[in-house]
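Summary of structural features
Single-letter residue listing:
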Amino acid sequence: MYFRNILLTTLVVAGLTACDRTPQREPLVLQGNTMGTVWRVTLAGVDPQRKGALQQAIQQQLDRDDGELSTWKSTSVLSRFNQYQGTAPQPVSADMADIVTLSLRIGAKTAGAMDITAGRLVNLWGFGPAGQPAHQPDEAAIAAAKAETGLAHLRVIQSVSGQWLQKDLPGLYVDLSTMGEGYATDHLARLMEQQGITDYLVSVGGAVLSRGRNASQQPWRVAIQKPTDRENAVEARVDLQGHGISTSGSYRNYYELDGKRISHVIDPATGRPIQHKLVSATVIATTALEADGWDTGLMVLGTERAKALALKEHLAVYLITKEGDGFSHWMSPRFRAFLIDKS
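Every value quoted in this text rests on a predicted model; they were computed, and no experiment measured them.

A separate point is the overall build of the chain. The number of helices and strands found in the chain is 9 helices and 18 strands. The buried share of the chain, taken over its 343 residues, is 53%. Contacts in the chain between residues far apart in sequence, at least 24 positions, make up 66% of those at least 6 positions apart. Summed over its atoms, the accessible surface of the chain is roughly 14800 Å², and 51% of this surface lies on carbon and sulfur atoms.

Structure below.
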């Protein structure tokens, strides 16, 4: 259970709408648990007799991903890299090299707001395997964790003979939780294609990706939830058009410590949980992995800086900000193209 620092239920699959009246075969729905969250696969036009075999193949794929990325399992590829107290390149899979490469690219574009090397800060504030601290970390502890953080201290080496990760700080601790749901979601999509399935909607936690059409021959639609505890409170609905979508939010995953609310979203610049009023950032991108990386960086930046970056990078972004007793929302021009109700 290591992805608990990601908002899990902001994105919900929209069911059949009033216009979906044509009788069709019921969709095949599979679901289960992975990485401290839930996965769900909805398929159209697939023989129900395939359910058992598909369920097993999906779980095996997710277990492999967990075996690579988990910071909660000491035997995972990432945990072994973090445990290694040296600077020599360490071999990793091509997929691991790709997720780190994209993370470093998004990290640079967000000026370090999305920093996968901030694992010691994440752990210090109680969102890692060790659990919550008894009291808020003091300045010395925060400074010590920040001293072993920084994207400049991590690099990916790729050649015809393989891939490696290298750190120049022996104590650097990489945490890929901010990318893991998107990573696993893209792998489920790839698995569906390998199985000859072309109409599907797959999700792991708050990352979703779709291809084709649903059982009623309508586009797959996803609802962004309002920042409340009511599961059916919909903020906006989108047609993914074959893209991935991911949401990062601060209004659910937190705990109380020393009389203060501690958000799971940590700002690497301050070494502390964010305190601004942006409560949710949703991103639509070509892949779920890319969407998952950008949403975290935007959450750290806060509303105004996130808006500026979304416009600069031409991102499809939807932001929800706390305003007094309510909330305000903002969407980028590119996001509006995916919106179902554009009124």
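After that view of the structure, there is still more to cover.
Time to look at helix α3 (residues 94-109). When the terminal C-alpha atoms of α3 are compared, their 23 Å separation across 16 residues agrees well with the 22 Å that a helix rising 1.5 Å per residue should span. Among the residues making up α3, those that are buried are Met-96, Ala-97, Ile-99, Val-100, Leu-102, Ser-103, Leu-104, Ile-106 and Gly-107. Of the residues trailing α3, Ala-111 is marked for its positive phi of about 55°.

Met-96, Ile-99, Val-100 and Leu-176 are the most contacted members of the largest nonpolar core, which totals 43 residues. Elements that contribute at least two residues to this core include exactly α2 (77-83), α3, α6 (177-194), β16 (278-285), α7 (288-301), α8 (303-312) and β17 (316-323). By size, the runner-up hydrophobic cluster in this structure holds 23 residues, among which are Val-41, Leu-62, Ala-207 and Leu-209.

Looking now at the pattern of salt bridges. Considering all chains together, one arrives at 7 salt bridges under this definition. With a closest N to O distance of 2.5 Å, Asp-66 and Lys-73 form a salt bridge. Overall, Asp-66 belongs to the buried group, its relative accessible area being 8%. Between Arg-120 and Glu-148 there is a salt bridge whose closest N-O contact spans 3.1 Å. Note that Arg-120 is positioned in helix α4 (residues 119-124) and Glu-148 in the loop between α5 (139-146) and β5 (154-159), a separation of 28 residues in sequence. When its relative accessible area of 26% is taken as the criterion, Arg-120 is described as partly exposed.

What follows deals with unusual backbone geometry. The residue Met-35 is not glycine, and still its phi comes out positive at about 55°. You can see Met-35 is positioned in the loop between β2 (28-34) and β3 (37-43). Met-35 gets classed as buried once you look at its relative accessible area, which sits at 3%.

Within the open sheet, the 8 strands sit side by side as β2-β3-β7-β8-β11-β16-β17-β18. Their pairing is antiparallel. Each having just a single partner strand, β2 and β18 (326-331) make up the two edges of the open sheet. When the angles between neighbouring strand axes are averaged without regard to direction, this sheet yields 10°. Across 6 bridges, the pairing between β17 and β18 is antiparallel. By the bridge assignment, Leu-319 is partnered in β18 with Trp-330. Sitting on the sheet, helix α1 (residues 51-69) touches β2, β3 and β7 (200-204), and the angle it makes with β2 is about 30°.

Before going further, it helps to spend a moment on the sheet that holds β5. Pairing is antiparallel across the open sheet formed by 3 strands, whose spatial order is β4-β6-β5. For this open sheet the edge positions go to β4 (90-92) and β5, each flanked by a neighbour on one side alone. Taking the axes of each pair of neighbouring strands and ignoring which way they run, one obtains an average angle of 35° across the sheet. In this sheet, strand β6 (residues 162-167) lies alongside β5 in antiparallel orientation, the contact comprising 6 bridges. If you follow Arg-155 over to β6, its bridge partner there is Gln-166. Sheet contacts for α3: β4, β5 and β6; angle to β5, the most-contacted strand, approximately 135°.

The buried fraction of strand β8 (residues 207-211) amounts to 4 of the 5 residues, a majority that puts the element mostly inside the structure. Relative to β8, β7 runs antiparallel, the two sharing 5 bridges. Bridging from a neighbouring strand, Leu-201 pairs with Ser-210 of β8. In this antiparallel pair of consecutive strands, β7 and β8, the connection spans 2 residues, and Gly-205 shows a positive phi of 60°. Looking at chain direction, β8 and strand β11 (residues 244-249) are connected through 3 bridges and run antiparallel. Bridge pairing in β11 links Leu-209 to Gly-244.

Before going further, it helps to spend a moment on the packing of α1 against α6. Packing of α1 against α6 brings their axes to within 10 Å, and their N-to-C directions diverge by 145°. Every pair of crossing elements has a handedness; the one defined by α1 and α6 is right-handed. Counting all contacts with α1, which are made through Ala-57, Ile-58, Gln-61, Leu-62, Asp-65, Glu-68 and Leu-69, the residues of α6 involved are Gly-180, Tyr-183, Ala-184, His-187, Leu-188, Leu-191 and Met-192. In terms of residue class, the contact of α1 with α6 is built from 9 nonpolar, 3 polar and 2 charged.

This part is about the packing of α3 against α6. Across the interface, α3 lies against α6 with an axial gap of 11 Å and an inter-helix angle of 130°. Here α3 lies oblique to α6, going by the angle between them. Classified by chirality, the crossing of α6 by α3 is right-handed. Across the interface between the two elements, Asp-95, Met-96, Ile-99, Leu-102 and Ser-103 of α3 pack against Met-179, Tyr-183, His-187 and Arg-190 of α6. Along the lines of polarity and charge, the residues of the contact of α3 with α6 split into 5 nonpolar, 2 polar and 2 charged.

Conventions adopted
Residues numbered from 1 in each chain as written. Predicted model: local features only at pLDDT ≥ 70, side-chain atom pairs only at ≥ 80, totals over all residues. Heavy atoms only, no water. Helix = DSSP H or I, 4+ residues; strand = E, 2+ residues; numbered from the N terminus. Buried < 20%, exposed > 50% of the residue type's maximum accessible area, 1.4 Å probe, protein only. Contact = heavy atoms within 4.5 Å. Areas by Shrake-Rupley, 256 points an atom, 1.4 Å probe, with all protein chains shown as cover. Expected span 1.5 Å × (residues − 1). Core = buried A, V, L, I, M, F, W, Y, C linked by side-chain atoms within 4.5 Å. Salt bridge = Lys/Arg side-chain N within 4 Å of Asp/Glu carboxyl O. Pairing = 2+ DSSP bridges. Axes fitted to C-alpha atoms, helices over the stretch in contact; angles between N-to-C directions. Left-handed = near helix turned anticlockwise from the far one by under 90°. Nonpolar A, V, L, I, M, F, W, Y, C, P; charged D, E, K, R; others polar. Parallel < 35°, antiparallel > 145°, perpendicular 65-115°, else oblique.

Geometric descriptors of this kind do not, in isolation, establish any biological role.
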